[in-house]
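Read off the chains here:
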Amino acid sequence: MLVFLWLVVPGPWPITGGLAPRVFAHYFWGVESTLYRPAPDQPLAFSHVTHAGALEINCAFCHRTVEKEETASVPAVEQCIFCHKIISGTGDAAVAEVQKLRDAFQEEKPLNWVRVHRLPDHVQFVHEPHIRFFAQQDPAAPLEATCATCHGDVKTMTKVKQVRSLKMGDCVNCHKDYNAPTDCAACHY
Amino acid sequence: MVQERPKHKWTMVVDIDRCSGCQACVVACQAENNITINEQRDFLQRRAKEWIRIERYWEAIDPSKPAEFPNVKARFIPIMCQQCDNAPCEPVCPVYATYHNNEGLNVQVYNRCVGTRYCANNCPYQVRFFNFWEPVWPESLRNQLNPDVTVRSRGIMEKCTFCVQRLSRARRTIEGRRGKRITDESMTEENLMPACVMACPTGALVFGDREDPKSRVNELLKEHDPRQAKSVAARGYRVLEDLTTEPNVVYLKKVDPHLKKVKAHA
């Protein structure tokens, strides 16, 4: 009876969605990535493979505040138009997506991106010191290597997906490894 | 393991002689820390949340006569969490949601709190507040919430944090990015003193780091703390000091010209 309930009752996020298959996959084959929510569909098929991969645009060029502030920031439509006023993309699919962006700009409507990495409200995560710390560790490393510590190899993802659990245990383990503060008030206030 | 000497020891000095009871600190605190608006029902049920409050007392100017209109004066004392070194709220928490960190702050961890309210019952200063309801703001105020501070949900305890979000930012910007020591000047410049201190128009509230020998709180404590200064002019005291809670908030008592006059006449 208990086993039956465990199979049927949806577990807490990110182990959502019915679940027995994913839970089995995790426990029996250790497929960690199956634990996390599948990559959500975005309102526009933005490709990190093109932008970050092929074009090698620095992460901070679009996520402008990542080295300065709490949030990395998702670029506004205007910021995309900065390049896409001129660049229409190559291939029909890309052109169609860029057209969606231009339409949004013309209609003055924001693009409602679906959030991929979400922390609970009682966690105050700040990007700036994390980026600064890893940059100090290895000044020669590019910014994307630092970002990849938590976000994975985004430039190979067609749809961005969460690759680390980003739960408290995950954070604390890393903080211990790097001798970062583990005081509760470092993140919870 | 040898424990490292903590880098900071946050302390507040409240000069009651300067306090005019204007409540600017109360307003600033409510805005900074996402505290819900206290309505009539909150006060009637004694569930109002004020992380810092101004207590008002009426006192006779000449104690030998009855305390009636001309012979009466108002006294104000701002009371916030005293961040006791020997805090009575801490040992009673069954889930360690309130604990002492190495900077002398009495920290409330919201996500650990299960809402037993033992801590509030054990606090002699009555500065812990329980969320009896889910916090609600009028639609027009939704966008003024401070993103650096958690909105506490129903069923958990909250209290003054010495604006730990600002201290954390100070650590990031001043210590981390510029590699300098946090000083009174740099904190004031960057608007990183606690909200009540920044708002106080008369400078009655002084906040600082006791580990920094040049800080203003250290100066004041050297001059006024009865444990350090033996002078008659030392005005410092701690509220309910005989409970041995060892508060980190030191009050400087009012200099009372009226009292001197009365004494001189008597």
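Overview of the structure. (Residues numbered from 1 in each chain as written. Chains lettered and ligands numbered in written order. Predicted model: local features only at pLDDT ≥ 70, side-chain atom pairs only at ≥ 80, totals over all residues. Heavy atoms only, no water.)

Details of the interface of chain B and chain A
A common measure of how large an interface is: the accessible area buried when the components associate. We apply this condition: We call two residues in contact whenever any of their non-hydrogen atoms come within 4.5 Å of each other. Once two parts are brought into contact, the accessible area they lose, counted with a 1.4 Å probe and summed over both, makes up the buried area. A carboxyl oxygen of Asp or Glu within 4 Å of a side-chain nitrogen of Lys or Arg is what we treat as a salt bridge. Under the DSSP-based scheme used, a helix requires at least four consecutive residues in state H or I and a strand at least two consecutive residues in state E, with every element numbered from the N terminus. All amino acids are sorted into three groups, where Ala, Val, Leu, Ile, Met, Phe, Trp, Tyr, Cys and Pro are nonpolar, Asp, Glu, Lys and Arg are charged, and the leftover types, Gly among them, are polar.
Each partner contributes to the interface: chain B provides 19 residues, whereas chain A provides 14 residues. Where chain B abuts chain A, roughly 1,500 Å² becomes buried across the two surfaces, and 49% of that area is made up of carbon and sulfur atoms. Along the contact surface separating chain B from chain A lie 3 salt bridges. Residue E70(A) pairs with R172(B) through a salt bridge whose shortest N-O separation is 3.4 Å. Looking at the side of chain B that touches chain A, the element that brings in the most residues is helix α4 (residues 164-177) of chain B, giving 7 residues. Of the residues assigned to the side of chain B that touches chain A, the class counts are 8 nonpolar, 6 polar and 5 charged.

Looking at the environment of L111(A)
All names here are of chain A. Put simply, the rule is: Only protein chains enter the accessibility calculation, which uses a 1.4 Å probe. A residue is then buried if its area is under 20% of the maximum for its type, exposed if over 50%, and partly exposed in between.
Tracing the chain through its elements places L111 in the loop between α6 (92-106) and α7 (127-137). For L111, a relative accessible area of 17% gives the class buried. Sequence separation of L111 and A140 is 29 residues, and the distance between their C-alpha atoms is 35 Å. Beyond its immediate sequence surroundings of up to four residues, L111 is in contact with L44, V77, L101 and A104.

Some words on α4(B)
Note the threshold: Residue count minus one, scaled by 1.5 Å, sets the expected span of a helix.
For α4(B), which comprises 14 residues, the first-to-last C-alpha distance of 18 Å matches the rise-based estimate of 20 Å (1.5 Å per residue) to within 8%. Among the residues of α4(B), V164(B), Q165(B), R166(B), L167(B), S168(B), A170(B), R172(B), T173(B), I174(B) and E175(B) are the ones counted as buried. Buried residues along α4(B) sit in contact with α7 of chain A together with β1 (10-15), α1 (24-32), α5 (184-189), α6 (195-199) and β8 (205-209) of chain B. With its phi angle positive at about 65°, G179(B) sits one or two positions after the end of α4(B).

A few points about the sheet that holds strand β10 (residues 249-252) of chain B
What holds strands together in a sheet is hydrogen bonding between their backbones, with the strands either parallel or antiparallel. Residues and elements named next belong to chain B. Where we set the bar: Two strands qualify as a pair provided that DSSP identifies no fewer than 2 bridges between them.
The strand order across the open sheet built from 4 strands is β8-β1-β10-β9, with neighbouring strands paired in mixed fashion. Edge positions in the sheet fall to β8 and β9 (236-237), since each of these pairs with one other strand and no more. Two strands pair when backbone bridges link them, and β9 and β10 are joined in this way by 2 bridges, in the antiparallel orientation. Bridge assignment links Y237 to a residue of β10, and that residue is Y251.

Observations regarding the environment of P124(B)
Considering the arrangement of structural elements, one finds P124(B) in the loop between α3 (118-122) and β6 (128-130). Classification of P124(B) as partly exposed rests on a relative accessible area of 28%.

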